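Take a look at the letters that make up each chain.
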Amino acid sequence: MAAHLRIARPVSDLGRARRMYRDGLGLEVLGAFEGHDGFDGVMLGRPGEGHHFEFTACRHHPVAPAPTAEDLVVFYLPDGTEW
C-alpha cells in the first residue's frame, strides 16, 4: 500500500483558493464535490504524486480565516527560473 499525504484546509472563498493553487502554482484539479454534508470542496495536486491539497467551504457555518505566523505551507522549487 502506497502512502498518500492529504493536506486539508477550510477556506472562506473556495474559488479563490482553487485559482491561486491552480493558476499560481500550476497544480491540477484532481477532483471536486458539492453539497457533501453541507460542504463543497476541491482537491488540487499533480496526478500520480503522493500528495494533494483539499480545500473545503461550509455552506452552513463559514470559516473565518485566522492565520498565524506558524500557519505555513512551504514549497521548495529547485529551478530558480521556475521560481
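Rules and cut-offs
- Residues numbered from 1 in each chain as written.
- Predicted model: local features only at pLDDT ≥ 70, side-chain atom pairs only at ≥ 80, totals over all residues.
- Heavy atoms only, no water.
- Phe/Tyr/Trp six-rings, centres within 6.5 Å; stacked < 30°, edge-to-face > 60°.
- Helix = DSSP H or I, 4+ residues; strand = E, 2+ residues; numbered from the N terminus.
- Buried < 20%, exposed > 50% of the residue type's maximum accessible area, 1.4 Å probe, protein only.
- Pairing = 2+ DSSP bridges.
- Axes fitted to C-alpha atoms, helices over the stretch in contact; angles between N-to-C directions.

Asker: Hey, could you go over the packing of aromatic side chains for me, with residue numbers and the actual values?
Answerer: Applying the stated criterion across every chain yields a total of three aromatic pairs. With 5.1 Å between their ring centres and 45° between their planes, Y21 and F53 make a pair best called tilted. Separated by 32 residues along the polypeptide, Y21 in helix 1 (residues 14-24) and F53 in strand 4 (residues 51-58) bring together distant segments of the chain. In this pair, the class of Y21 matches that of F53, namely buried. Taking 5.8 Å as the distance between ring centres and 5° as the angle between the ring planes, the aromatic pair formed by F53 and F55 counts as stacked. Classification of F55 by relative accessible area gives buried; the value is 3%. Linked through ring pairs, Y21, F53 and F55 together constitute an aromatic cluster.

Asker: Let's hear about the sheet that holds strand 2 (residues 28-36): which residues, and what values?
Answerer: One open sheet holds the four strands; their spatial order is 1-4-3-2, and the pairing between them is mixed. The sheet is open, and its two borders are formed by strand 1 (5-10) and strand 2, each paired with just one other strand. Direction aside, the axes of adjacent strands within the sheet are offset by 20° on average. Pairing between strand 2 and strand 3 (residues 39-45): six bridges, direction antiparallel. Directly across from A32, in strand 3, lies its bridge partner V42.

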